[in-house]
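As a plain string of letters, each chain reads:
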Amino acid sequence: MTFTQAIKTCLGKYVTFSGRATRPEYWFFFLFVLLLGLAAAAIDWMFFTSVTSISSEAANATVIQSSQPVQSLVALVVFLPHLAAAWRRMHDTGRSGWHVLLPTLLAMVAFAVLVFGIGAASHFHGGTMDRLLTGATLLILLPTLIVLLISPLLVLFWLSRPSQPETNKYGPNPHEVQP
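Residues numbered from 1 in each chain as written. Predicted model: local features only at pLDDT ≥ 70, side-chain atom pairs only at ≥ 80, totals over all residues. Heavy atoms only, no water.

> Break down the pairing of strand β1 (residues 49-55) for me, with residues and values.
Sheet analysis places β1 next to strand β2 (residues 60-66), joined by seven bridges and oriented antiparallel. Across the sheet, residue Ser50 finds its bridge partner in β2, namely Gln65. What sits between β1 and β2 in their antiparallel hairpin is a turn of four residues. (Pairing = 2+ DSSP bridges. Helix = DSSP H or I, 4+ residues; strand = E, 2+ residues; numbered from the N terminus.)

> Can you lay out the side chain of Arg88 for me, pointing to particular residues and giving the numbers?
Inspection of the secondary structure puts Arg88 in helix α3 (residues 69-92). Beyond its immediate chain neighbours, meaning those up to four positions away, Arg88 contacts Cys10, Lys13, Thr16, Phe17, Ser18, Gly19, Arg20, Ala21 and Glu25. (Contact = heavy atoms within 4.5 Å.)

> An account of the nonpolar core is needed here, citing residue identities and associated values.
Counting residues in each nonpolar core, the largest one holds 18 residues, and the members touching the most others are Phe29, Met90 and Leu159. Those elements giving two or more residues to this core turn out to be α1 (3-12), α2 (23-47), α3 and α5 (135-159). Of all the elements, α3 adds the most residues to this core, at seven residues. (Core = buried A, V, L, I, M, F, W, Y, C linked by side-chain atoms within 4.5 Å. Buried < 20%, exposed > 50% of the residue type's maximum accessible area, 1.4 Å probe, protein only.)

> Any chance you could break down the environment of Leu141 for me, citing the residues and the numbers?
Examined against the element boundaries, Leu141 turns out to sit in helix α5. Sequence separation between Leu141 and Leu114 is 27 residues, and the spatial gap between their C-alpha atoms is 6.9 Å.

> Tell me about a nonpolar patch on the surface, and name the residues and values.
Where nonpolar side chains cluster on the molecular surface, the patch consists of Leu11, Tyr14, Val15, Leu73, Val77, Phe79 and Leu80 and spans about 610 Å² of accessible area. Structurally, Leu73 can be placed in helix α3. Residue classification places Leu73 among the exposed positions, given a relative accessible area of 54%. (Patch = residues over 30% accessible without salt bridge, like charges linked within 9 Å, V, L, I, M, F, W, Y side chains within 5 Å. Areas by Shrake-Rupley, 256 points an atom, 1.4 Å probe, with all protein chains shown as cover. Salt bridge = Lys/Arg side-chain N within 4 Å of Asp/Glu carboxyl O.)

> I'd like a description of the packing of α1 against α2, backed by residues and values.
The interhelical angle for the contact between α1 and α2, taken along N-to-C directions, is 90°, at an axis separation of 8 Å. When the interaxial angle is binned, α1 and α2 end up roughly perpendicular. Counting all contacts with α1, which are made through Phe3, Ala6, Ile7, Thr9, Cys10 and Leu11, the residues of α2 involved are Pro24, Glu25, Phe28, Phe29, Leu31, Phe32 and Leu35. Among the residues making up the contact of α1 with α2, the classes are represented as eleven nonpolar, one polar and one charged. (Axes fitted to C-alpha atoms, helices over the stretch in contact; angles between N-to-C directions. Parallel < 35°, antiparallel > 145°, perpendicular 65-115°, else oblique. Nonpolar A, V, L, I, M, F, W, Y, C, P; charged D, E, K, R; others polar.)

Shown next, in the form of structure tokens:
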């Protein structure tokens, strides 16, 4: 599959979460999304960024502000087809598409653990935050952070795996199917 074929296929299957996607299909589309994001960032930088210099007797500062409307629009447009392509890529390796969301779901759980951990630490330590990273909170926070660091690497590993040969429960092998 070529670069343009991958883009046409993934945009043509905008919200198709069933079936399988080959490695070239997914990674060429990933490259397209990356290049599109860089182009959007360049456009935002050129047209929607303001640079302000603030001077005082004590110090000088430069403030750069951008509303990033083009990047936001591009991200909104390519989010679903990119998610769908990753979902189908997981199917191609014999895994459920839900595995793509693993880092996001774990981040939400980690956020909840952190919020409740801070609440518990501040409750048990008299409302002060000075002992937040000690005791039970640290025992909860460290494994959570380790899982958060490892889970995206695991998903990246799964996305880079070769196709399952033959037909799996998600459909026929895309290499064996003639268009």
